[in-house]
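# A closer look at the structure
Residues per chain are reported as follows:
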Amino acid sequence: MRAFEATQIFFDRAADRLEIPKDVRDMLLMPKREVQVQVTIERDPDSNCGDQGLATFVGFRVQHDNSRGPMKGGLRYHHEVDLDETRALASLMTWKTAVVNLPYGGAKGGIGVDPSQLSDREKERLTRAFVDQIHDIVGPDTDIPAPDMGTGHREMSWFRNQWEKYHGFKPSVITGKPVEEYGAKGREEATGRGVGILTVKLMKRLGRKAEESKVAIQGFGNVGSHAAKFLHEAQFPIIAVSDVSGTYYSKDGLNVPELLRHKFSHPQGLLEGFEHAEKLPLDALLTLPDAQVLIPAALGGVINEKNVDQIQAPVIMEAANGPIYPGADECLHNRGVTVVPDILANAGGVTVSYFEWVQNRQHYRWPLDRVRQELDRTMSDAFEEVWQTSQQHEVSLRTAAYMIGIQRVRRASELAGSKA
Ligand code: NAD
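Here's a quick rundown of the structure. All figures in this text were calculated on a predicted structure; none of them were measured in a lab.

### Regarding the pattern of salt bridges
Considering all chains together, one arrives at 36 salt bridges under this definition. A salt bridge links Arg76 to Asp148; the shortest N-O distance between them is 2.6 Å. Taken together, the residues Arg76 in strand E3 (residues 71–78) and Asp148 in the loop between strand E5 (143–147) and helix H5 (153–167) connect sequence positions 72 residues apart. For the pair Arg76 and Asp148, a shared accessibility class is recorded, and that class is buried. Glu189 is paired through a salt bridge with Arg372; the nearest N and O atoms lie 2.9 Å apart. Here the residue Glu189 occupies a position in helix H6 (residues 187–205), and Arg372 occupies one in helix H12 (residues 368–393), the gap between them amounting to 183 residues. Assessed through its relative accessible area of 28%, Arg372 is described here as partly exposed. One network of salt bridges, with partners in common, ties together Arg13, Glu318, Asp329, Glu330, Asp342 and Arg398.

### Some points on the packing of aromatic side chains
All chains considered together, the criterion is met by ten aromatic pairs. Their ring planes at 50° and their centres at 6.0 Å tell us that Tyr354 and Phe355 sit as a pair that is tilted. Look at Phe355 and you get buried, because its relative accessible area is 3%. The structure contains a cluster of three or more aromatic residues connected by ring pairs, namely Tyr104, Tyr354, Phe355, Trp357 and Trp366. In this structure, Arg370 is placed above the aromatic ring of Trp366, and the distance from its NZ or CZ to the ring centre is 3.9 Å. Taking the ring centre of Phe10 as reference, the NZ or CZ of Arg398 above it sits at 4.1 Å.

### As for the site of the ligand
As a structural note, the neighbourhood of the ligand is formed by 23 residues, with Arg76, Asp148, Thr191, Val223 and Asn321 the closest of them. Within the contact set of the ligand, an oxygen atom lies 3.0 Å away from a side-chain nitrogen or oxygen of Asp148. Contacts to the ligand include Thr191, whose side-chain N or O atom sits 2.7 Å from an oxygen atom. Look at the ligand: alone it shows 820 Å² of surface, and the protein chains cover 85% of it. Every element with two or more residues in the shell around the ligand is listed here: H6, helix H7 (222–233) and strand E7 (238–243).

### Some words on the sheet that holds strand E6 (residues 215–218)
Within the open sheet, the seven strands sit side by side as E9-E8-E7-E6-E10-E11-E12. Their pairing is mixed. At either end of the open sheet lies a strand with only one pairing partner, and these are strand E9 (278–280) and strand E12 (338–340). Averaged over all pairs of adjacent strands, the angle between their axes in this sheet comes to 15°, without regard to strand direction. When E6 meets E7, the two strands line up parallel, connected through four bridges. By the bridge assignment, Val215 is partnered in E7 with Ile238. In the packing of H6 onto the sheet, contacts are made with strand E10 (293–296), strand E11 (315–317) and E12, and the angle to E11 comes to roughly 155°.

### Observations concerning the packing of helix H4 (residues 120–134) against H5
Relative orientation and spacing of two packed helices are given, respectively, by the angle between their axes and the distance between those axes. At a closest axis distance of 9 Å, the pairing of H4 and H5 adopts a crossing angle of 40°. As summarised for this structure, H4 and H5 are arranged oblique, according to the angle between their axes. Classified by chirality, the crossing of H5 by H4 is right-handed. Of the residues in H5, those in contact with Asp120, Lys123, Glu124, Thr127, Arg128, Val131, Asp132 and Ile134 of H4 are Arg154, Glu155, Trp158, Phe159, Asn161, Gln162, Trp163, Lys165 and Tyr166.

### Remarks on the nonpolar core
In globular proteins that are soluble, nonpolar side chains generally tend to be buried together. By size, the foremost hydrophobic cluster in this structure holds 81 residues, and its most contacted members are Val241, Ile295, Met317, Tyr402 and Ile406. The element contributing the most residues to this core is helix H13 (residues 397–416), with eight residues. Formed by 23 residues, the second largest nonpolar core is a distinct cluster that contains Phe57, Leu75, Tyr77 and Val113.

### Focus: the side chain of Ser213
Note that Ser213 resides in the loop between H6 and E6. By relative accessible area, Ser213 is classed as buried at 1%. Residue contacts for Ser213: discarding those within four places in its chain leaves Met203, Arg208, Phe236, Pro237 and Gln292.

### Focus on the pairing of strand E4 (residues 105–112)
For a regular strand, the rule is simple: side chains alternate between the two faces of the sheet. Across the eight residues of E4, seven count as buried, placing the element largely inside the fold. Looking at chain direction, strand E2 (residues 54–65) and E4 are connected through six bridges and run antiparallel. Paired with Val62 across the bridge in E4 is Lys108. Both E3 and E4 contribute to a ladder of six bridges, which runs parallel. The residue of E4 that forms the bridge with Leu75 is Gly109.

### So, the environment of Leu28
Summarising the element assignment, Leu28 is placed in helix H2 (residues 22–29). The buried category is assigned to Leu28, whose relative accessible area is 0%. It is 13 Å that separates the C-alpha atoms of Leu28 and Met93, two residues lying 65 residues apart in sequence.

### Here we look at the sheet that holds E5
Backbone-to-backbone hydrogen bonds join strands into a sheet, with any given pair of strands oriented parallel or antiparallel. Taken in spatial order, the five strands make up an open sheet running E1-E2-E4-E3-E5, and their pairing is mixed. Two strands close off the open sheet at either side, each with one partner strand: strand E1 (33–42) and E5. Adjacent strand axes in the sheet meet at a mean angle of 20°, parallel and antiparallel pairs treated alike. The pairing of E3 with E5 spans five bridges and is classified as parallel. When the sheet's bridge partners are listed, Gly73 is paired in E5 with Pro145.

Conventions used here
Residues numbered from 1 in each chain as written. Predicted model: local features only at pLDDT ≥ 70, side-chain atom pairs only at ≥ 80, totals over all residues. Heavy atoms only, no water. Salt bridge = Lys/Arg side-chain N within 4 Å of Asp/Glu carboxyl O. Helix = DSSP H or I, 4+ residues; strand = E, 2+ residues; numbered from the N terminus. Buried < 20%, exposed > 50% of the residue type's maximum accessible area, 1.4 Å probe, protein only. Phe/Tyr/Trp six-rings, centres within 6.5 Å; stacked < 30°, edge-to-face > 60°. Lys NZ or Arg CZ within 6 Å of the ring centre and 35° of its normal. Near = heavy atom within 4 Å. Polar contact = N/O pair within 3.5 Å; in protein donor to acceptor, adjacent residues only side chain to side chain. Areas by Shrake-Rupley, 256 points an atom, 1.4 Å probe, with all protein chains shown as cover. Pairing = 2+ DSSP bridges. Axes fitted to C-alpha atoms, helices over the stretch in contact; angles between N-to-C directions. Contact = heavy atoms within 4.5 Å. Parallel < 35°, antiparallel > 145°, perpendicular 65-115°, else oblique. Left-handed = near helix turned anticlockwise from the far one by under 90°. Core = buried A, V, L, I, M, F, W, Y, C linked by side-chain atoms within 4.5 Å.

Okay, here's the thing in structure tokens:
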């Protein structure tokens, strides 16, 4: 199944409950603008990659909706990036910013490239070449990029520097920057921390104790590692984590500080070679019988019709974007599995990106305590609203979250006056 089709099915389930007519659905679903560009760079002299030493990639920026404010969404560097995936992720951003009630719309971008095959200098040239192609359609009041898979604060710095060559000093053009260069304290940890905050809230609501709620996390990158750290500190046993190098398991709980030390000392930030755990095959993590909380924090579509029957965790927190396909989602719902959807669970990142943008525009800096406090409040308020809507309408947390997001975007369009 294509990624955008999956998002549309989730959208339609909520739109059916809201009895939204087809013409309004079309307006809400179709992106405002989709841009595809060529991104060509010169390879390093020692890369041996072709006659002229050039490499050409495809870059995308999809601007989905701006009814509620400037569009906001990450930049992904991954070899599977294509227009369909970027479109799906852009629409998720629209519903996500609406669910947590940030004054933003949704966008997404990326380049179809495997960044592990490029040197740092090549990645810098790639980012600058991409900015050259799209600089006139992004900006602090129109569309504000941020990090996503395969990008981090370095790419954000290069992006800002190149964009400012055209438009002058405006650090609020992009978020997720290094803290010493107008970044927000707490941005890097924000998505994982938000996942952690909601896991604690949900387990309390379900009457389960932290110490008895074993957690398995797929992906130990930015999001997965910060979620692991937060939940470990909140007394949850983290029994398994995985990254591209495999699954690392310990039935009584892994030593998370040790895992983090290993990751940061590995040249590619991997867990490869970590010896204080049992090593299992990559996909074994998803189907562990003793995990009470499963946190997919890597790729989309990892829980699907093929493996849904083997998923045993009663609670799933969608830290990644789109990790569960609609058919599997329905099966899980019918089996009584509680799924906190991506548009709520991983909204911590865009929330602190918003705080960064606000600070940049005010030329003022918040201390870390304030960032964490406001993140906690924003995530908790959104969780309450989604929970109440789900109870009131007897729908899943996902459908409830979409209902809230869609209603807010539709209302903004109505208030603007020209549309339904
Ligand atoms: P990242 O690149 O920092 O980390 C990705 C991790 O997933 C790495 O540890 C990688 O080894 C692992 N991985 C890749 N394929 C895997 C596989 N098949 N099995 C197990 N592990 C695998 O990316 P990230 O920023 O942590 O983002 C992860 C997910 O969270 C993405 O879906 C992204 O869209 C979503 N997300 C990220 C943010 C953010 O602020 N970074 C915000 C919202 C959503």
